[in-house]
Amino acid sequence: MPVSRRKRRSLANPSVGLQEGRAGRRRIKYDEQWNLSFKELLDYRSGHGDCNVPQSQGKLGTWVNHQRTAYMAGSLVQGRIDRLNSIGFKWRLKQASLTTVPWGTRFDELVQYKTSHGDCNVP
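Bear in mind the structure is a predicted one, so any value in this text is a computation, not a measurement.

Calculation rules
- Residues numbered from 1 in each chain as written.
- Predicted model: local features only at pLDDT ≥ 70, side-chain atom pairs only at ≥ 80, totals over all residues.
- Heavy atoms only, no water.
- Helix = DSSP H or I, 4+ residues; strand = E, 2+ residues; numbered from the N terminus.
- Contact = heavy atoms within 4.5 Å.
- Buried < 20%, exposed > 50% of the residue type's maximum accessible area, 1.4 Å probe, protein only.
- Expected span 1.5 Å × (residues − 1).
- Phe/Tyr/Trp six-rings, centres within 6.5 Å; stacked < 30°, edge-to-face > 60°.
- Lys NZ or Arg CZ within 6 Å of the ring centre and 35° of its normal.

**Describing the environment of Y71**
So, step 1. For Y71, the location among the structural elements is in helix α3 (residues 59-73).
So, step 2. Separated by 10 residues in the primary sequence, Y71 and I81 place their C-alpha atoms 7.7 Å from one another.
So, step 3. Residue contacts for Y71: discarding those within four places in its chain leaves L76, I81 and W91.

Okay, structure coming up:
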């Protein structure tokens, strides 16, 4: 039976196997931390009714922002996307307004307001 490249490398250089073992342990620790943060998010949602944690909310806010950033970059694992979707996680908090008015139109309105009122202090 042929020996795989990975096995050959680890036989030739025993430290490769150690490095892979360390990477595996780091991955497990990272996954455990992700799951803990996800549980914190569930607690937040049960108390607030949504998953829109402000970034100023400490570690959880930073974690939520990181999930959105990773999602937008395409680097978030599909299983995590599915878990976050299942609890109603919003990937974008700011939606583009459907009633966006061109800048020039608003400027013309301001000119008209100034003509009528003598200033640009629109209430």
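**Quick notes on the side chain of R80**
So, step 1. Here R80 shows up in helix α4 (residues 78-86).
So, step 2. The exposure class of R80 is buried, given its relative accessible area of 13%.

**Here's the deal with helix α5 (residues 103-117)**
So, step 1. End to end, α5 covers 21 Å across 15 residues, agreeing with the expected 21 Å (1.5 Å per residue, within 8%).
So, step 2. In the stretch just after α5, G118 is the one whose phi turns positive, near 85°.

**Looking at the packing of aromatic side chains**
So, step 1. For the coordinates displayed, the defined rule picks out five aromatic pairs.
So, step 2. Relative to W91, the ring of F89 lies with its centre 4.7 Å away and its plane at 65°, an arrangement referred to as edge-to-face. No difference in accessibility class separates F89 from W91, as the two residues are buried.
So, step 3. Taken together, the ring pairs in this structure connect W34, F38 and W63 into an aromatic cluster.
So, step 4. Here R83 stacks its cationic end above the ring of F38, 4.3 Å away from the centre of that ring.

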